[in-house]
Each structure stands twice: as C-alpha cells, then as structure tokens.
Amino acid sequence: MPNTPSATLSIRLKPELKKRLANLAKASGRSSNFLISDAVESYVADQERMLAEIRQAEIQVKSGHYVRHDDMKAWLLSWGTNRELPPPEVRLRQASR
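Just so you know, the residues in each chain are numbered from 1, in the order the chain's sequence is written. With the structure being a predicted model, the display of local features is reserved for residues of pLDDT at least 70 and the display and counting of side-chain atom pairs for 80 or more, all residues being used for whole-chain, interface and lining totals. The side-chain numbers reported here are obtained from all heavy atoms of the structure, hydrogens and water having been left aside.

S.K.: Would you explain the overall build of the protein in this entry?
M.R.: Helix numbers and strand numbers start at the N terminus; a helix is a DSSP run of H or I with at least 4 residues, a strand a run of E with at least 2. Across its full length, the protein holds three helices and two strands. The helix and strand sequence of the protein, counted from the amino end, reads α-α-β-α-β. On C-alpha atoms alone, the protein measures out to a radius of gyration of 22 Å, which is more than a quarter above the 13 Å that the 2.2 N^0.38 rule sets for 97 residues. With the C-alpha coordinates aligned to their principal axes, the bounding extent of the protein is approximately 60 × 40 × 25 Å. Split into buried and exposed, the 97 residues of the protein put 7% on the buried side. Atoms counted for the radius of gyration: C-alpha only. Globule rule: 2.2 Å times residue count to the power 0.38. Residue exposure (1.4 Å probe, protein chains only): buried if accessible area is under 20% of the type maximum, exposed if over 50%, otherwise partly exposed.

S.K.: I keep staring at the side chain of serine 78 and nothing clicks. Help me out?
M.R.: By secondary structure assignment, the location of serine 78 is in helix H3 (residues 69-78). Judged by its relative accessible area of 5%, serine 78 falls in the buried class. In this structure the side chain of serine 78 is engaged in a polar contact, spanning 2.7 Å, whose partner is the backbone oxygen of tryptophan 75. Each residue touching serine 78, except ones within four places of it in the same chain, is listed here: Arg83, Glu84 and Leu85. For this analysis, a polar contact is any N or O atom pair within 3.5 Å, provided that within protein one partner can donate a hydrogen and the other can accept it, and provided that sequence-adjacent residues contribute only side-chain to side-chain pairs. In this analysis, two residues are considered to be in contact whenever any of their non-hydrogen atoms come within 4.5 Å of each other.

S.K.: Just checking my understanding: could you explain the environment of aspartate 70 for this structure?
M.R.: The residue aspartate 70 is located in helix H3 in this model. Residues aspartate 70 and proline 88 lie 18 residues apart in sequence; the distance between their C-alpha atoms is 9.6 Å.

S.K.: Can you walk me through a nonpolar patch on the surface in this structure?
M.R.: Candidates for patches are residues over 30% relative accessible area with no salt bridge; among them, like charges are joined within 9 Å and nonpolar side chains (Val, Leu, Ile, Met, Phe, Trp, Tyr) within 5 Å. Only the protein chains shown count as cover for residues, with accessible areas throughout obtained via the Shrake-Rupley method and a probe of 1.4 Å. Each reported salt bridge corresponds to a side-chain nitrogen of Lys or Arg within 4 Å of a carboxyl oxygen of Asp or Glu. Together, Leu9, Ile11, Leu13 and Leu17 line one region of the surface with nonpolar side chains, adding up to about 370 Å² of accessible area. By relative accessible area, isoleucine 11 is classed as partly exposed at 44%.

S.K.: What is the right way to read the pattern of salt bridges from this model?
M.R.: For the coordinates displayed, the defined rule picks out four salt bridges. Residues aspartate 46 and arginine 49 are paired through a salt bridge, measuring 2.2 Å at the closest nitrogen-oxygen approach. Taken together, the positions of aspartate 46 and arginine 49, both in helix H2 (residues 32-62) and three residues apart, correspond to about one turn of that helix. Each of Arg68, Asp70, Asp71 and Arg91 takes part in a single network of salt bridges with overlapping partners.

S.K.: Help me understand the packing of helix H1 (residues 15-28) against H2 in this model?
M.R.: Orientation is described by lines fitted to C-alpha atoms, with helices fitted over the stretch in contact, and by angles between N-to-C directions that extend from 0 to 180 degrees. Packing of H1 against H2 brings their axes to within 9 Å, and their N-to-C directions diverge by 105°. Accordingly, the angle class assigned to the pair H1 and H2 is roughly perpendicular. Two secondary-structure elements touch here, H1 through Leu21, Ala22, Leu24, Ala25 and Ser28 and H2 through Ser32, Leu35 and Ile36. Residue polarity follows a fixed list, in which Ala, Val, Leu, Ile, Met, Phe, Trp, Tyr, Cys and Pro are nonpolar, Asp, Glu, Lys and Arg are charged, and the others, Gly among them, are polar. Among the residues making up the contact of H1 with H2, the classes are represented as six nonpolar, two polar and no charged. Roughly parallel refers to an angle under 35 degrees, roughly antiparallel to one over 145, roughly perpendicular to one between 65 and 115, and oblique to any angle outside these ranges.

These figures capture arrangement, not role.
Listed below in structure tokens is the structure:
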C-alpha cells in the first residue's frame, strides 16, 4: 500500500492485545498497521452488509411478507438433527379491510 492515500487514526489497545498483534504481524510478515486496517475494513464491510439485509427485511415486513418466529425457531433448532425440517413458508399478512 505504498501509494495508497490514507488517514491516521489513533486507537487504544489492551497491552496483551497489542502484544498479540505484534506477534501476529511478525509471524505473518505484515505490519501491525496493515493487520489493523485489514481487520477494520472487513468489519465495516460486514456491518454494512448486515445493515443492508436488515433494511431489506424491514421492507419485506412492511409489505406484509414474514416468517413466524415459532416456525423459524423450530427450523433452526432442527438443523443437524435426524429430523431436519424444511425452511418455513413465507406468509403474506392480509390487508385490513
């Protein structure tokens, strides 16, 4: 990243975490700055994806599409068992008349 524009950011780390980061940097042949920047970039991308998914889910719920909590819970709890359930059906809330 020699010619990549960047901004300086100061963070506080617990001493033990700073030591672990230094050890990881040495073992990987990367700088601590590179590892921190890479970690922050991954975290921000994950959070952006999660927020986008939440916004999409909110749109679906407002349009009346939803999966009942009990149906979703039963399906998730069946994962990895001998009686794994099929995915629950999406329901459409009827408009009030």
